[in-house]
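Coordinate analysis (summary)
Letter by letter, the chains look like this.
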Amino acid sequence: MSTDGLLTVPDAMAYLQVSRWTLYNLIRSGELESVIVSRRCRRIPTSALTAYITRLREETP
């Protein structure tokens, strides 16, 4: 995965294999960074997905 791109919410959902509800909960809780491009347009940086996955791996015993 490129570390400089932006993904749509559906693309990020597919990449993490989670529901829309779960993805937005991760964003609301601050666990997953996102950017608002316009009033109704949110994107998730691929670097944020990489960082989130890395944290999950580090927390797994």
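Here, the structure is the one placed above.
So, here's what we can say about the structure. (Residues numbered from 1 in each chain as written. Predicted model: local features only at pLDDT ≥ 70, side-chain atom pairs only at ≥ 80, totals over all residues. Heavy atoms only, no water.)

A few points about the nonpolar core
Of all hydrophobic cores here, the largest spans 13 residues; its most connected members are L16, L23, L32, I44 and L49. Mapped onto this core, the elements with two or more residues apiece are α1 (9-16), α2 (20-29) and α3 (46-59). Leave out the neighbours within four places in its chain, and I44 touches G5, L6, L7, T8, V9, A12, L23, I27, L32, E33, S34 and L49. (Core = buried A, V, L, I, M, F, W, Y, C linked by side-chain atoms within 4.5 Å. Buried < 20%, exposed > 50% of the residue type's maximum accessible area, 1.4 Å probe, protein only. Helix = DSSP H or I, 4+ residues; strand = E, 2+ residues; numbered from the N terminus. Contact = heavy atoms within 4.5 Å.)

Some details on α2
Along α2, the positions that sit buried rather than exposed are L23, L26 and I27. The arc enclosing the buried residues of α2, seen along the axis, measures out at 100 degrees, which places them on a common side. α2 presents W21 and R28 as exposed residues on the side facing more than 90 degrees away from its buried surface. In this structure, the buried side of α2 is in contact with α1, β3 (41-45) and α3. Just past α2, the residue G30 takes up positive phi, approximately 90 degrees. (Arc of directions from axis to C-beta.)

Comments concerning α1
Along α1, the residues classified as buried are V9, A12, M13 and L16. Angular distribution of buried residues about the axis of α1 spans 105 degrees; they occupy a single face of the element. Taken together, the buried residues of α1 touch β1 (6-8), α2, β3 and α3. Q17 sits one or two residues past α1 and shows a positive phi near 55 degrees.

Digging into the pairing of β3
Two strands pair when backbone bridges link them, and β1 and β3 are joined in this way by three bridges, in the antiparallel orientation. Considered in β3, the bridge of L7 is made with I44. Here strand β2 (residues 35-38) runs beside β3; their pairing, made up of three bridges, is antiparallel. By the bridge assignment, S38 is partnered in β3 with C41. Counting the residues that bridge the hairpin from β2 to β3 gives two residues. (Pairing = 2+ DSSP bridges.)

Worth remembering: the numbers are spatial, not functional.
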